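Coordinate analysis (summary)
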Amino acid sequence: MMTAASMAGIAGAPQFAFGQSAGGKTLIKVFMRGGADGLHLFPAVGDPIYYMHRPNIGIEAPLDSDRNTALNIGDNYRAMNPNLEPLMEIWNAGRMMVAPATALEEGNRSHFDNQRWIGTGARNNVIDGYLNRYMQSIEGPNDPLRGAVLGKTSMSTEMRGSIVAPTIRDRNGFNLENNNLCSGNGCADNQLTDLMREISSHDVVEEGLEASIRENQLVMVDSIAQVQAAGMNYTTNAGGLEYSNTDLGRGLRLAAQLLKGGIPLEVAAMDWNIGWDSHSNQIANGADRFVDQGFGYHSRMRRGATDFLTFYRDISEIIDDVVVLVGTEFGRTVIENGSRGTDHGHASTWFSFGGPTVPGVGPDITTLDRSALRQTRFTPHTVEYKDLVAEIMIRHMSMPSRLVSTIFPNHTFTNHNLFNRSA
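Remember, it's a predicted structure, so these values are computed and weren't measured experimentally.

Conventions we followed
- In every chain, residue numbers begin from 1 and rise along the written sequence.
- Totals for whole chains, interfaces and linings use all residues, but because this is a predicted model, local features are given only for residues with pLDDT of at least 70 and pairs of side-chain atoms are given and counted only at 80 or more.
- Hydrogen atoms and water are omitted, and side-chain values are computed over all heavy atoms in the structure.
- Runs of E in the DSSP output that reach at least two residues are strands. Runs of H or I that reach at least four are helices, and both are numbered from the N terminus.
- Think of it in three bands: residues with accessible area under 20% of the maximum for their type are buried, residues over 50% are exposed, and the middle band is partly exposed, with areas taken using a 1.4 Å probe on protein chains only.
- Residue contacts follow a heavy-atom distance rule, with two residues in contact if any of their heavy atoms lie within 4.5 Å.
- Polar contacts, as counted here, are pairs of nitrogen or oxygen atoms within 3.5 Å of one another; within protein the pair requires one atom able to donate a hydrogen and one able to accept it, and residues that are adjacent in sequence qualify only if both atoms are side-chain atoms.
- Planes of paired rings set the category: under 30 degrees apart is stacked, over 60 is edge-to-face and the rest tilted, where pairs are Phe, Tyr or Trp rings (Trp by its six-membered ring) whose centres lie within 6.5 Å.
- Whether a charge lies above a ring is judged from NZ of Lys or CZ of Arg, which has to be within 6 Å of the ring centre and within 35 degrees of the ring normal.
- Expected helix span is given by 1.5 Å per residue-to-residue step, counting one fewer step than there are residues.
- Residue types Ala, Val, Leu, Ile, Met, Phe, Trp, Tyr and Cys, when buried and joined through side-chain atoms within 4.5 Å, form a set referred to as a nonpolar core.
- Criterion for a salt bridge: a side-chain nitrogen of Lys or Arg within 4 Å of a carboxyl oxygen of Asp or Glu.
- What pLDDT expresses is the predictor's confidence in each residue, scored from 0 to 100.
- At least two DSSP bridges between two strands are required for those strands to pair.

The helix and strand tally for the protein stands at 11 helices and 11 strands. When the 423 residues of the protein are sorted by exposure, 56% land in the buried category. Within the protein, counting contacts between residues at least 6 apart in sequence, those at least 24 apart form 73% of the total.

Rendered as C-alpha cells:
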C-alpha cells in the first residue's frame, strides 16, 4: 500500500476528468500472439471458394435465424465471427476498421522471428522497438508513463529500447514492501519508496551503470505512485460490463485508469492471448460448432471482444483521443488441414477502433482462388502493417511523415487513408 507521501507530485488523489495532457493522443497496440486466423475472425463469406478450402471450419454467411453463422458487417465479401459479437456495438457506431489482408511483407512463418521483427519494425533483432523509437524521435511528456507495457510483467519488443518503459500487470503490480521499512497496520507507512526516491535524487555520473540504475529507479518509483493513484477507488463505467482478469482485460483496465486519471499515456503495448496457434480443433463438436461457449477457443475470443467493448464504453468521452490497433504476427493457411485446424500462413486480419479510424473494411483481396494465393496456400497481403502504424502516428499523433523511415528503417510509407475520419 502506498502512502500519501509516496504519491507526492500526483496532484492529490486521481482525478477522473477525462482529459489527457501533452497533446492527449494515445496509441494502444494489442498483439494477438500465436498467429491469429484472419479468415476465421472475418470470414470471406462472399467467396464460394472459401467454403471449398474450408469445408469443415468455414463459417456460413449471416442468417438471423442461425447463431452459428457469421455477423453481417455490411460488406459483400466479409463478415464477422459470431464470437466477436460484442464488437458489433463499436462497428455499428462507425468507429471500427478491419484490414483483412495485413502482414509483415518480409516475414516468414516463425512465431519468434515475426514477433521480433514486427516489434522492431524491421527484419532486425538488435534495434530498439518501434514504439520506443517513436518516443526517442518525438518530444513528448516528461512522464514515466509516457510509454508502458500493460496487463503483463514481460517486456514487449515494441516497447524495448533506450527510453525506460515500465511493465505493469495491474494496479498492484508495483506493490514493493520491505519488512524493515514498514510500520502501521498492513505496512500502512511504507518507507521503501520514499527511500528509493531519496537515493535517486543524488547526483551521479551522466553515463554508465550507476546512471542507468538511477534512471530505472526513478521510473519505477514515479510510475508506482501514478498507477496506484489512478486505480484508487476506480469504478468501470461501461454499462454493467467489467474487465476480465486476463492480460488483455488487465491491460485495458489499466489504460482506462491512467487515461481517465489525466496521466499522459502516449503509447502502450499489451497482449490478447487465447491460443491463436490453431493447428487443430479450431471449432467445437456438436450443433454449436462455431459458438459453443464451453469450447475455450470460442469463449476466450468472446471474452476478449467483451474487454474491447468494455474499454470502448469506459473511455467513451475521450474515444477520439485513443486508437486501439490489434494485430498478429501472421495469418493461417487458407486451406484447412486434416485436424480441423490451420497452419502458419502469411497475411491476417488486423483491426482498429477509436480516434480517426475510418469505419469499414480496408484494402482486401478479391478471391481465394489458388492462383491468387501466396504460394497457392497463404492469404496475400494488401496492406503492410507498418503503414497502419505509421498512418496512426502521422494522422492521430501528429508525427512528421519524414520520421516514418526512422520508426521503420528503409520503409517507404503507403497511405491507405484508413485514419483520416473527421470528428
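Before going further, it helps to examine the side chain of Thr-26. Among the secondary structure elements, Thr-26 is positioned in strand β1 (residues 26-32). On the accessibility criterion, Thr-26 (0% relative accessible area) is buried. Here Leu-265 takes part through its backbone oxygen, which lies 2.7 Å from a polar atom of the side chain of Thr-26.

This structure, assessed with the given rule, holds 12 aromatic pairs. Judged by centre distance (5.0 Å) and plane angle (90°), the rings of Trp-272 and Trp-276 are edge-to-face. The pair formed by Trp-272 and Trp-276 is uniform in burial state, with each residue classed as buried. Ring geometry for Tyr-385 against Phe-408: centres 6.0 Å apart, planes inclined by 80°, an arrangement best described as edge-to-face. Here Tyr-385 is found in helix α10 (residues 385-396), whereas its partner Phe-408 is found in the segment after α11 (404-407), with 23 residues between them in sequence. Between Arg-33 and the ring centre of Phe-31, over which it is positioned, the NZ or CZ distance is 4.3 Å.

Its 12 residues place the ends of α10 16 Å apart at the C-alpha level, agreeing with the 16 Å of an ideal helix rising 1.5 Å per residue. Burial analysis of α10 places 11 of its 12 residues in the buried class, which makes it a mostly covered element. Along α10, the residues that are buried comprise Tyr-385, Lys-386, Asp-387, Leu-388, Val-389, Ala-390, Glu-391, Ile-392, Met-393, Ile-394 and His-396. Two residues or fewer past α10, Ser-398 is found with a positive phi of approximately 60°.

A separate point is the environment of Ala-284. Note that Ala-284 resides in the loop between β7 (267-271) and α9 (296-314). You can call Ala-284 buried: its relative accessible area is 3%. Between the C-alpha atom of Ala-284 and that of Gly-294, which follows or precedes it by 10 residues, the distance is 8.6 Å. Beyond its immediate sequence surroundings of up to four residues, Ala-284 is in contact with Arg-289, Asp-292, Phe-295, His-298 and Arg-340.

Here the focus is the nonpolar core. Within the largest apolar cluster, 55 residues are counted, with the highest numbers of intra-cluster contacts made by Met-96, Leu-150, Trp-272, Phe-308 and Phe-311. Those residues in contact with Met-96, other than ones at most four positions away along the chain, are Phe-42, Met-80, Leu-87, Ile-90, Trp-91, Phe-351, Ser-352, Phe-353, Thr-357, Val-358, Pro-359 and Gly-360. Counting 36 residues, the second-largest nonpolar core is a separate cluster that includes Phe-31, Ile-138, Val-267 and Val-404.

This part covers the pattern of salt bridges. Taken as a whole and judged by the stated rule, the model has 19 salt bridges. With a shortest N-O distance of 3.0 Å, Glu-85 and Arg-302 are connected by a salt bridge. You can see Glu-85 sitting in the loop between α2 (48-53) and α3 (87-92) and its partner Arg-302 sitting in helix α9, a full 217 residues away along the chain. Since its relative accessible area comes to 30%, Arg-302 is described here as partly exposed.

For helix α4 (residues 111-120), a buried count of 8 out of 10 residues is recorded, marking the element as mostly surrounded by other parts of the structure. As for α4, its buried residues are in contact with β1, α5 (130-137), β8 (322-328), β9 (348-353), α10 and α11. Following α4 by one or two positions, Gly-121 adopts a phi angle in the positive range, close to 80°.

Low-pLDDT portions of the prediction should not be read for the details of their coordinates. With 82% of its residues at a pLDDT of at least 70, the protein reaches an overall mean of 87. The low-confidence segment residues 1-22, where pLDDT is below 50, has 53 contacts with residues more than four positions distant or belonging to other chains.

One non-glycine residue, Asn-281, lies in the positive phi region at around 50°. Structurally, Asn-281 is set in the loop between β7 and α9. For Asn-281, a relative accessible area of 45% puts it in the partly exposed group. Notably, Thr-376 is not glycine yet its phi reads approximately 60°, a positive angle. Here Thr-376 is to be found in the loop between β10 (360-361) and β11 (383-384).

Here β7 lies mainly inside the structure; 5 of its 5 residues are buried. By the alternation rule, side chains of β7 split into Val-267, Ala-269 and Asp-271 and Ala-268 and Met-270, which are all buried. When β1 meets β7, the two strands line up parallel, connected through 5 bridges. Paired with Lys-29 across the bridge in β7 is Ala-269. The pairing of strand β3 (residues 147-150) with β7 spans 3 bridges and is classified as parallel. Bridge assignment links Gly-147 to a residue of β7, and that residue is Val-267.

Here the focus is the pairing of strand β2 (residues 96-103). Where burial is concerned, most of β2 is hidden: 8 out of the 8 residues are buried. In terms of strand pairing, β2 meets β9 through 5 bridges, oriented antiparallel. In the strand pairing of β9, Val-98 is matched with Phe-351. Both β2 and β10 contribute to a ladder of 2 bridges, which runs parallel. Counted as the bridge partner of Met-97 is Gly-360 from β10. Note that β2 and β11 share 2 bridges and pair parallel.

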